[in-house]
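# Architecture at a glance
Here are the chains, one letter per residue:
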Amino acid sequence: MSEVIDPRDRLARITALVDLDSFSEYGSQARHRVTVFGMDRKRPVGDGVVTGTARIHGRPVEVFAQDPTALGGSLGEVHAAKIAAGLDRAAKVRCPVIGLLDSGGARIQEGVAALDGYGEIFYRNVALSGRVPQISVVLGPCAGGAVYSPALTDVVIMQRDRAHMFVTGPRVVRAVTFEDVSLADLGGADLHATTSGVAHLVADDAAHALDLTRRVLDHLPSSCHELPPGEPARAAGDMPHVPGDHREPYDVRTVIGGIVDSGSFLELHKQFAPNVVVGFARIEGRSVGVVANQPLVLAGCLDIEASEKAARFVRLCDAFGVPLVTLVDVPGFLPGTGQEASGIIRKGAKLLYAFAEATVPRVTVILRKAFGGAYIVMNSKSLGADAVYSWPGAEIAVMGAEGAVDVIYRRELAGEPTLRDELLTRYRAEAMDPSVPAERLSVDEVIDPGQTRSRVAATLRALERSMRPGYRHDNLPQ
Ligand code: HXC
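Residues numbered from 1 in each chain as written. Predicted model: local features only at pLDDT ≥ 70, side-chain atom pairs only at ≥ 80, totals over all residues. Heavy atoms only, no water.

### Examining the overall build of the protein
Using the following cut-off: For helices the rule is a DSSP run of H or I covering at least 4 residues; for strands it is a run of E covering at least 2, with both sets numbered from the N terminus onward. Each radius of gyration reported is based on C-alpha atoms, and the globular scaling rule is 2.2 Å times the count of residues to the power 0.38. Here's how the labels work: a residue is buried when its accessible area is under 20% of the maximum for its type, exposed when over 50%, partly exposed in between, all with a 1.4 Å probe on protein chains only. Contacts: residue pairs with any heavy atoms within 4.5 Å of one another. Only the protein chains shown count as cover for residues, and all accessible areas are computed by the Shrake-Rupley method using a 1.4 Å probe. Note on charges: Lys and Arg go in the positive column, Asp and Glu in the negative column, and His and the chain ends are not counted at all. Think of each charge as sitting on NZ of Lys, CZ of Arg, CG of Asp or CD of Glu.
When helices and strands are counted, the protein shows 18 helices and 16 strands. Its C-alpha radius of gyration of 25 Å places the protein within 12% of the 23 Å reference for a compact globule of 478 residues. When the backbone C-alpha atoms are referred to their principal axes, the protein occupies close to 90 × 55 × 40 Å. Counting only residues that meet the buried cut, the protein has 54% of its 478 residues in that class. Expressed as a percentage of contacts within the protein between residues at least 6 apart in sequence, the contacts between residues at least 24 apart total 72%. Approximately 20,600 Å² of the protein is accessible, and the part contributed by carbon and sulfur atoms is 55%. For the protein, the distance from the average position of its 51 positive side-chain charges to the average position of its 58 negative side-chain charges is 6 Å.

### Notes on the nonpolar core
Soluble globular proteins: nonpolar side chains tend toward being buried together. Quick reminder of the rule: Definition used in this section: a nonpolar core is a set of buried Ala, Val, Leu, Ile, Met, Phe, Trp, Tyr and Cys residues joined via side-chain atoms within 4.5 Å.
Residues Ile98, Leu100, Ile157, Phe280, Val291, Leu351 and Ile366 are the most contacted members of the largest nonpolar core, which totals 69 residues. By residue number, the principal contributor to this core is helix α10 (residues 304–319), which donates eight residues. In contact with leucine 351, other than residues within four places in its own chain, are Leu302, Ser307, Ala310, Ala311, Val314, Val377 and Met378. Core analysis: the second largest hydrophobic core is formed by 26 residues, Ile121, Val132, Met158 and Ala193 among them.

### Things to note about the pattern of salt bridges
Our working definition: We define a salt bridge as a contact between a side-chain nitrogen of Lys or Arg and a carboxyl oxygen of Asp or Glu at a distance within 4 Å.
With the rule as written, the count across this model stands at 31 salt bridges. A salt bridge links glutamate 464 to arginine 286; the shortest N-O distance between them is 2.9 Å. Taken together, the positions of glutamate 464 in the segment after α18 (452–463) and arginine 286 in strand β11 (residues 286–293) put the pair 178 residues apart, joining distant regions of the chain. Given a relative accessible area of 22%, arginine 286 falls into the partly exposed group. For arginine 368, the salt bridge goes to aspartate 329, with nearest N and O atoms at 3.1 Å. On the criterion of sequence distance, the pair formed by arginine 368 in strand β13 (residues 362–371) and aspartate 329 in strand β12 (residues 324–330) is long-range, its members being 39 residues apart.

### Some remarks on the pairing of strand β10 (residues 276–283)
Along any regular strand the residues' side chains alternate between the sheet's two faces. Threshold: In this scheme, strands are said to pair when DSSP sees at least two bridges between them.
Counting buried residues along β10, eight of its eight residues qualify, which places the element largely inside the surrounding structure. Where burial is concerned, the two faces of β10 agree: the one with Val276, Val278, Phe280 and Arg282 and the one with Val277, Gly279, Ala281 and Ile283 are both buried. Sheet topology note: the strand β9 (residues 266–268)/β10 ladder contains three bridges and is antiparallel. Across the sheet, leucine 266 pairs through a bridge with phenylalanine 280, a residue of β10.

### Focus: the side chain of glutamine 294
So the rule is basically this: Polar contact is the term for a pair of N or O atoms within 3.5 Å; when the atoms are in protein, one must be able to donate a hydrogen and the other to accept it, and sequence-neighboring residues count only if both atoms are side-chain atoms.
Structurally, the position occupied by glutamine 294 is in the loop between β11 and α10. With relative accessibility at 1%, the residue glutamine 294 sits in the buried group. A distance of 3.0 Å separates a polar side-chain atom of glutamine 294 from the backbone nitrogen of valine 252. Sequence-distant contacts of glutamine 294, defined by excluding residues within four places in its chain, comprise Tyr250, Asp251, Val252, Arg253, Pro274, Asn275, Val276, Val277, Ala299 and Gly300.

### Some words on the environment of alanine 438
Within the element layout of this structure, alanine 438 appears in helix α17 (residues 435–439). Here the alpha-carbon distance between alanine 438 and tyrosine 389, two residues 49 residues apart in the chain, equals 8.9 Å. Leaving out residues up to four positions away in the same chain, alanine 438 has contacts with Val443 and Val446.

### Looking at the site of the ligand
Heads up, the rule is: Near is defined per residue: the residue qualifies when any heavy atom it owns lies within 4 Å of the molecule or strand. Put simply, Ala, Val, Leu, Ile, Met, Phe, Trp, Tyr, Cys and Pro go in the nonpolar bin, Asp, Glu, Lys and Arg in the charged bin, and everything else, Gly too, in the polar bin.
Residues in close proximity to the ligand total 17 residues, the closest being Lys42, Gly72, Gly104, Ala106 and Ile108. Taking isoleucine 108, its main chain carries an N or O atom lying 3.1 Å from a nitrogen atom of the ligand. Protein burial of the ligand: of its 1,000 Å² of free accessible surface, 48% is covered by the chains. Among the elements that make up the shell around the ligand, the one with the highest residue count is helix α3 (residues 112–128) (three residues). Along the lines of polarity and charge, the residues of the shell around the ligand split into eight nonpolar, seven polar and two charged.

See the structure below:
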């Protein structure tokens, strides 16, 4: 049972997040000077937000927490100026920013001053993107334009039941579209974790949300100018037996468990686009980002949502110097009119782009199959992977044997259909076996599954000297 954190205690959420006695508040006496709409009688000290500097696991952070008990945590000019000043401090000292959000949005009485306040924050969120980690922890309502600051940050954590994020609330929705919708269905944590992809992580309560925040931060450097922090190494779990029949599903997370330090995998976007798995982990204590096709869902095909999810994660890792480990078991891009019309070309290209531009150490392991465009996209050698390994028995080709034989032997099969099995066997041996790409260095080594952890670890160790801290690129929302 986790600790209950009282949202009416304006400092409680911050002190529960940061190292003991490490918080220094800034602007605690700030107040708005608005007099219209009777606001001169409502001037909460601090203007509805607590801001300041602190430490988490000994490292400096900038933190702000909106106070729902002061004018509903609504954002006016002074409230915004305090957050903006915190973002400026983070830029100067190069440290992460954590926002604990709980707000009714733009303070209506302050009009354009409140809207411009959001603009000042968005401007700084973008300026800091890719430079220092920014984490948004939504612990209550987050309405209107307020949602766009979290959307510009690197990781969004939402508290189940309490957090709601929407651009227009249920009342406006009803007035405009005549839809009757609940807060949860419009912008609840589960909706954003499964359908919209806005939330990377969902917490059971505030204490859990703060714990997840610390876990995310543990994998990231204080800024792009440093290397991610290390931890003592731990052994990996056992490598599972992966079914030889390529149509039989298995959970790729069990393979991840056989490669990374035990208990270190922190999956992001677990329920959104579950046909690809992404998350932070450690190998020999070093932080890594894992991207893996998930054969349990859509046979591991890449579709629009999976491409965007993986692309954003790859760019996050690359921006902050976190090496990438890619596990491939992919039959291709998901075919169909729906995907084509919705832009799989444009959106699939995001993942291609993200891998191709990444300069962090990049290791790929092909587990069972890698076909067509999806083979290239999933951090292939030609896209700049530092090392590509394949398990024996993997199939790597332009397409699966059935489809390929029908195309290239169409005439022969029309005359003699009984040749099909023989042609399939020949195609598998001559065109799909990992020895074929290994001959031309598209695969560096064919390795036994049991060697995967040690081989990936040795590769990352060897590549460690190639890591160059510094600004690489932003983490554009996608
Ligand atoms: C001014 C606000 C406010 C707001 C809440 N309050 N939201 N004051 N501006 N945006 C005040 C209430 O008047 C009330 O004051 C106190 O905060 C607590 O609010 P309650 O409604 O009593 O609390 P609760 O029942 O917990 O509901 C919280 C809420 C609700 C769900 C957040 O207040 C709400 O729906 N607020 C409006 C949300 C919204 O539409 N925001 C969008 C604004 S437009 P008293 O004095 O009675 O205690 C926007 C655009 C920005 O944000 C664009 C930027 C680019």
